[in-house]
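Spelled out from the first residue to the last, the chains are:
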Amino acid sequence: MGLAATSAVLPQKAAVLRNASVRFGNFTAIEDLSLEIEDGAFWSILGPSGCGKSTLLRLISDLVPAAGGAVEVLGKSTEAARLAREFAFVFQDPTLLPWRSALKNVELPLEIGKSRNIRPSAGGRTPMELLELVGLKGREDALPHELSGGMRQRVAIARALVCQPKILLMDEPFGALDEITRDHLNLQLLNIWNETGVTVLFVTHSIPEAVFLGQKVLMLKARPGRLKEVVDIDLPFPRTIRDRESPEFIRYAAKLREILEEC
Amino acid sequence: MSVAQSRASAAAPEAEPANASRWAERSMKAALPIGTAAALILTWELGVRIFEVPNYIAPAPSDVAMVFVHQMPLLMRNFWPTFYESILGFLAGNIAAILLAVAFIHSRSAERAFFPIAVFINTIPVLAMAPILVLIFGAGLTAKVVIAALICFFPTLVNMVRGLQSVSPQALELARILSASKSEVFWKIRLPSSLPFLFSALKIAATTCVIGAIVGEWVGADKGLGALILDSTFNFRSAVLYATVFLSSGLSVLLFVTVSVAERLIVRW
């Protein structure tokens, strides 16, 4: 009781890892990783392939168990956080159900777990408002195959937001899109982050994307996945596409590239 | 301005021939198979008449047509039993296959226990199985329904299992993050994913269930299209035999079209 009271007063961490590791059989995906991610932050996660970027998101979202160490999400176990719908996941593939319209896809999380009371309290944006937020007003009745790749990913983002998650875990969500669509969605994502106050963990392969979106960039090194460095990106918000041509931006990108080469 | 105008006026007459040629192309597409069939029937008619083939060896198409005109009551009297046997067999076989596929998905040991048996039953030729089933169930409706059901069963079982397994691993991860229960995963994700697979199996079943019913009637029945085929063969009523064959393939086509229409209405993605 006393513990609960203090944790409500203290600024809560979105996610805390203490010496966490993940193993798949003999393969160590993540080793001895310690992190504290502040509530409301936007972290980009960058690293060579095989560094455990995706595994880190899967660890936080209770898709894979920790083999050692501890993981807390908003002061709870990952399982409790999952059951409370504290986080939502956006995959590289939109993973929409092809027989459901855009609107019905966004409504899916509200239908699941209804009888077991998993759904958090109402009061957030309606599925319709979320589709409007991601710029898909008027396409709510379209089936996924009638939408472009970028539109499908925006439906997936609207679906992720429908239960008002406190943390948005994004695993290379724009990796398969063309650059123009990607720029557009990057801006939209920053807008959503700004409007909802959600914490975002954003895995990417792209250095410019990592710098452009993140307040911090978490750099991991490979085999096994370990912490390399956390780089603060002191570029003011709101950011615009033009900021990517600024000298500071280019300096950050060069710095990240240098660190990445050491990984 | 004048350039734009001349362009517009040039475009307008171009559009019409384009439409006309598309229409011509479409009617060509339909005309080709219809024309071919008509030509074949005509050749057949002429062949029978020129070479004076006896009616009991090969009846002319006109003789077959006359059977449809004059002996319609006889044909229909035998059509309905086969129709009911086929439909009931279709329903029974597919429902059983779907239920077993669902059991396989949820229990590995159920799959290990029953799948080899299902394969074994599928390897028995229908003609060999039919007498056994008629011995067990008697010469009535039941034996034919069971034969029609067995013939539908295996393709649907295999396709339905594949369909239920066709869910992407990511969709299952999504379900896990949403803390979906097993039954929610089944009803909201697995079952709809399986529908395209199910319908390809149902299309096969729509035609094979009629074959099953007719084979069942060959072994022991006094009514039905299968019985009429045997009866007209042994009595050299070849025109009736041909009419019966057309009617039974018409029944298959009817069931196939029904399933196809249902598929188009249900599987819209």
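Before reading on, note that the structure itself is shown above.
None of the values given here were measured: they were computed from a predicted structure. (Residues numbered from 1 in each chain as written. Chains lettered and ligands numbered in written order. Predicted model: local features only at pLDDT ≥ 70, side-chain atom pairs only at ≥ 80, totals over all residues.)

Draft legend 1. Structural detail: the interface of chain B and chain A. Contacts between the two partners involve 16 residues from chain B, matched on the other side by 17 residues from chain A. For the side of chain B that touches chain A, the secondary structure elements donating two or more residues are α7 (169–177) and α8 (182–219) of chain B. Element by element, the count of residues in the side of chain B that touches chain A is highest for α7(B), at six residues. For the side of chain B that touches chain A, the residue count by class is eight nonpolar, three polar and five charged. (Contact = placed C-beta atoms within 7 Å. Helix = DSSP H or I, 4+ residues; strand = E, 2+ residues; numbered from the N terminus. Nonpolar A, V, L, I, M, F, W, Y, C, P; charged D, E, K, R; others polar.)

Draft legend 2. The arrangement of the sheet that holds strand β9 (residues 226–232) of chain A in detail. Residues and elements named next belong to chain A. An order of β5-β6-β7-β3-β8-β9 is seen for the six strands of this open sheet, with the pairing classed as mixed. What marks the edges here is a single partner per strand, and that holds for β5 (87–90) and β9. Taken over all neighbouring pairs, the strand axes of this sheet differ in orientation by 20 degrees on average, direction set aside. Bridge analysis of strand β6 (residues 167–171) against strand β7 (residues 199–203) gives five bridges, and the strand direction is parallel. From the neighbouring strand, Met 170 faces β7, where its bridge partner is Phe 202. Contacts from helix α6 (residues 149–161) reach β5 and β6, with the element oriented near 170 degrees to β5. (Pairing = 2+ DSSP bridges. Axes fitted to C-alpha atoms, helices over the stretch in contact; angles between N-to-C directions.)

Draft legend 3. Representation of the environment of B:Gly93 in the model. All names here are of chain B. Relative to the elements of secondary structure, Gly 93 occurs in helix α3 (residues 72–106). On a C-alpha basis, the gap between Gly 93 and Ile 151 in space is 7.6 Å, while along the polypeptide they are 58 residues apart. Apart from residues no more than four positions distant in its own chain, Gly 93 is found in contact with Ala 148, Ala 149, Leu 150, Cys 152, Phe 153, Thr 156, Ala 205 and Cys 209.

Draft legend 4. Inspection of the sheet that holds strand β4 (residues 68–73) of chain A at higher detail. Residues and elements named next belong to chain A. With respect to topology, three strands assemble into an open sheet ordered β2-β1-β4, the strand pairing being antiparallel. What marks the edges here is a single partner per strand, and that holds for β2 (27–38) and β4. Averaged over all adjacent pairs, the angle separating strand axes in this sheet is 20 degrees, with direction ignored. Here strand β1 (residues 13–24) pairs with β2 via eight bridges, running antiparallel. Paired with Ala 15 across the strands is Ile 37, a residue of β2.

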